[in-house]
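One letter stands for each residue in the lines below.
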Amino acid sequence: NLNLLLNFKEGFLGKVDNKEKSLVNGKKNLTSKVINAGTNHTVKIDGQNEIIKKQVPAGSGKHKVLTIDLTMRPRNPRAPGQYGRPVAVPKDKEQEASRRWKEGNFNVYLSDIIPLDRAIEDTRPKGCKDQLVHDDLPNTSIIMCFVDEVWSTLIRSVFSVLNRSPAHLIKEIILVDDFSTKDYLKDKLDNFLKKFPKVRILHLKERHGLIRARVSGANIATGDVLTFLDSHVECNVGWLEPLLEQVRVNRKKVACPVIEVINDKDMSYMTVDNFQRGIFTWPMNFGWRPIPTDVIQKDKITDMDPIRCPVMAGGLFSIDRKYFYELGTYDPGLDVWGGENMEISFKVWMCGGEIEIIPCSRVGHIFRNDNPYSFPKNRVKTVERNLARVAEVWLDDYKELFYGHSYHLLQDRTNIGDLDEQKELRKKLQCKSFKWYIDNVYPDLDAPLVRAEGLVKNNALGKCLALQNSTVVLELCDANKENQQFNFTWLRLIKQEDQCIASSDVQNKVTVLPCDNLNSNLRWLHRSLTTFQPTLADHLVLENTIHAKCLEVEPSDGLVHISVCSPTNHFQKWQFQSYFAQ
Ligand code: LR7
Ligand code: MN
């Protein structure tokens, strides 16, 4: 029974703004309180005695999230970067700092001079410290993979886990070295980590990329829950229990912390806006989108409520270990970096799970402009190939939107590798359709299946395209006639049922062919010839010609054919009845 003194840092609980950081002097704002209620537990971290608070309301089987003291009472409050404050590079070190930048694509010089166990502000919403979690939370294996990570950021990441997590919940920390090229990440690292019995390190014998590296780590993990982290993070006060609580409540829930920002230039720890969901826009670019304020008010959402996310950022999440394997982990055909967050997100939602951001759990991450490591193949190509795999397996008909927004990928789809196993898995798990996902998980996704539809009217004659016995003709417009209904698809086909308008081998003739996404004689660009303004699209330009050829009606005989494009020729101007996307 050491003492009942518990340090709180009420002074730090205020919101920190990105611009105006309300950084306060630690000493003055640390107040001591005597807590008589509840049971106190003492844990040992890194040789220090740390007091954690465990108040157990009688019989509830729950306790308040544990607050670990070291984070609030740093060893050296005056050290640079303490409390997550910004640090400036001294004048005479500027050259050194800029020389070392490329080691990590962030300010490596500063990272090296700030303490490995620095304190950061408790940025949690106010009520978080009083939140109750179950006493019997599952334990977790932390998995961090890295390639050529900077020493100080790697170790700071590990220390932040050890220092700010209840020890009994950390089964182990597994570092997966993805075939780094730096010497200090071999013996030196192994020797250093010997002091931390919970930390295990796995050196891969070849470069696997983060996706397969994570799975290698998971394969040797023994915890109930897997918690993946990047190798340049700082876990904040009380970050772990709220994540594990959610997994305990629903083993098919994937719980993500709020990802805060460690500034790449001054290494300051900055909080982020609340109420952000993880979303994507075509062609599967990850992003954040705030919950609209009227929804927050109407649904009475508080800043502590979990936030359902259509997709997760990718790097930081807790997932039940067995569930991760039930889902078939990641698609092992994904290479190096990128797209795996889409894959796991679709898989989780469509196959019966859910993804949430838990606002009481907060972890800082160094955001940077470029990857500091090499890609075995071209970076862009690698990510595109990964995304194409995801699209092929998970998007159903909606993959046309993906290809429509990253058109060049349609052509070189050949090297995306075998997908049978992934498709088989989707069947085996009896996962729902992508349509279901849109309707139920991500209704605000902009996802019209075609770009335009209905009648296709010629501007000059006011008549409409129609198919008669597999020939293309012009008729008086009649929206009730089926043979005048066309879809203009993302893959640029003018489509009626399975029939598509095509250029024929005979000069300047148009014909009708069975639709085929890979046949370039069927592809039409709907655009203006004078501007790139999509809303002014008026011509239908055949894609597969050297000299632009346009769909045109011959006024004398009303026949439809193709002809050299002319911006002023009204017989070449066409309008669809309705447009969903330009
Ligand atoms: O070949 C590799 N092998 C690795 O082990 C490439 C990377 N890695 C390691 C790397 O050292 C790092 O620890 O994998 C981790 C992630 O790589 P980063 O930090 O270069 O990626 P990132 O932070 O730029 O990108 C995000 O997207 C990635 C690929 O899709 C991963 O999912 C990252 O985990 C993910 N990061 C986050 O989610 C943090 C928040 C970013 C946002 C938004
Ligand atoms: Mn990262």
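Rules used in this analysis
Residues numbered from 1 in each chain as written. Chains lettered and ligands numbered in written order. Predicted model: local features only at pLDDT ≥ 70, side-chain atom pairs only at ≥ 80, totals over all residues. Heavy atoms only, no water. Donors = N, O, S within 2.8 Å, 3.2 Å for Na, K, Ca; no water. Helix = DSSP H or I, 4+ residues; strand = E, 2+ residues; numbered from the N terminus. Buried < 20%, exposed > 50% of the residue type's maximum accessible area, 1.4 Å probe, protein only. Salt bridge = Lys/Arg side-chain N within 4 Å of Asp/Glu carboxyl O. pLDDT = per-residue confidence, 0-100. Contact = heavy atoms within 4.5 Å. Phe/Tyr/Trp six-rings, centres within 6.5 Å; stacked < 30°, edge-to-face > 60°. Lys NZ or Arg CZ within 6 Å of the ring centre and 35° of its normal.

## Digging into the coordination of the manganese ion (ligand 2)
Item 1. Surrounding the manganese ion (ligand 2) are the protein donor atoms Asp230 (OD), His232 (NE2) and His365 (NE2), which sit 2.1 to 2.2 Å from the metal.
Item 2. Mapping the donors of the manganese ion (ligand 2) onto the primary sequence gives the spacing D-x1-H-x132-H. With histidine 232 in the loop between β10 (225-229) and β11 (233-235) and histidine 365 in strand β18 (residues 354-366), this pair connects stretches of sequence that are 133 residues apart. A single burial state applies to histidine 232 and to histidine 365, both of which are buried.

## Some details on the pattern of salt bridges
Item 1. Scanning all chains against the criterion turns up 34 salt bridges.
Item 2. Measuring nitrogen to oxygen at the nearest pair gives 2.7 Å for the salt bridge that ties arginine 492 to glutamate 543. One end of the pair, arginine 492, is in the loop between β22 (486-489) and β23 (494-496); the other, glutamate 543, is in the loop between β27 (539-542) and β28 (549-553), and 51 residues separate them in sequence.
Item 3. Accessibility expressed as a relative area gives 16% for arginine 492, which makes it buried.
Item 4. Assessed through its relative accessible area of 24%, glutamate 543 is described here as partly exposed.
Item 5. Three or more residues joined by partner-sharing salt bridges are found here, namely Lys64, Lys129 and Asp130.

## Quick look at the confidence of the model for the chain
Item 1. The predicted model of the chain averages 89 in pLDDT, with 89% of residues at 70 or higher.
Item 2. Predicted confidence for residues 1-49 stays below pLDDT 50, and this span has 111 contacts to residues more than four positions away or in other chains.
Item 3. The complex prediction reports pTM at 0.89, with the ipTM value standing at 0.98.

## Some words on the packing of aromatic side chains
Item 1. Per the counting criterion, the structure on display carries 22 aromatic pairs.
Item 2. Aromatic side chains phenylalanine 228 and phenylalanine 324 sit 5.5 Å apart centroid to centroid with 55° between the ring planes, which places their arrangement in the tilted category. One end of the pair, phenylalanine 228, is in strand β10; the other, phenylalanine 324, is in helix α9 (residues 321-326), and 96 residues separate them in sequence. We note that phenylalanine 228, like phenylalanine 324, is buried.
Item 3. Seen in terms of ring centroids, phenylalanine 324 and tyrosine 325 are 5.7 Å apart; in terms of plane orientation they differ by 85°. Their pairing is edge-to-face.
Item 4. Taken together, the aromatic side chains of Phe280, Trp282, Phe346, Tyr398, Phe434, Tyr437 and Tyr442 make up a single cluster linked through ring pairs.
Item 5. The positively charged end of lysine 188 is found above the aromatic ring belonging to tryptophan 151, 4.3 Å away from the centroid.
Item 6. When the ring centre of tryptophan 337 is taken as origin, the NZ or CZ atom of arginine 379, which lies over that ring, is 4.9 Å away.

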